[in-house]
Amino acid sequence: MYKVTAKIDGMMCGMCEAHIADTIRKAFPDAKKVNASRKHGEATFLSEQEIDLEKLKKAIEETGYTFVSASVEPYKKRGLFGR
Ligand SMILES: [Cu+2]
């Protein structure tokens, strides 16, 4: 499991957050816990596979927002969400 954090400029309201979250879900159908925050200027999500950051960048830019940077880190489940 990986946690992806993308820094994104240009989100102004809840609609923007929803727009970014939808874009991520569409580009990465296996993305989980997709969350976009205008307050932090970033979007985060979890993925089973390591993701293609170029694809993420492209998807964000196609929405009209500014992709600043992104990072991927290994994510350990804590049992709370275990199946
Ligand atoms: Cu907005």
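Everything quoted here is computed from the prediction, not taken from an experiment.

Caption draft 1: Region of interest: the nonpolar core. Ala-6, Ile-8, Ile-20, Ala-43 and Ile-60 are the most contacted members of the largest nonpolar core, which has 14 residues in total. Among the secondary structure elements, those contributing two or more residues to this core are strand S1 (2-9), helix H1 (14-27), strand S3 (42-47) and helix H2 (53-63). Considering every element that reaches this core, the biggest residue donor is S1, with three residues. When residues no more than four places from it in sequence are discounted, the contact partners of Ala-43 are Ala-6, Ile-8, Ile-20, Ala-21, Ile-24, Asn-35 and Ala-36.

Caption draft 2: Structural detail: the pairing of S1. Direction of pairing for S1 relative to S3: antiparallel, over a ladder of six bridges. The residue of S3 that forms the bridge with Thr-5 is Thr-44. Sheet analysis places S1 next to strand S4 (residues 66-74), joined by eight bridges and oriented antiparallel. Bridge pairing links Val-4 to Val-72 in S4.

Criteria and cut-off values
- The numbering scheme is per chain: residues are counted from 1 as the chain's sequence reads.
- This being a predicted model, a pLDDT of at least 70 is required before a residue's local features are given, and a value of 80 or more before pairs of side-chain atoms are given or counted; all residues contribute to the totals for chains, interfaces and linings.
- By convention the nonpolar core is taken to be a set of buried residues drawn from Ala, Val, Leu, Ile, Met, Phe, Trp, Tyr and Cys and joined through C-beta atoms within 7 Å.
- Exposed residues have 12 or fewer other C-beta atoms within 10 Å of their own C-beta, buried residues have 20 or more, and residues in between are partly exposed; the C-beta atoms are placed from the backbone.
- A run of H or I in DSSP counts as a helix once it spans at least four residues, and a run of E counts as a strand once it spans at least two, with each numbered from the N terminus.
- Contact definition: two residues whose C-beta atoms, as placed from backbone geometry, lie within 7 Å.
- Paired strands, in this sense, are two strands between which DSSP finds at least two bridges.

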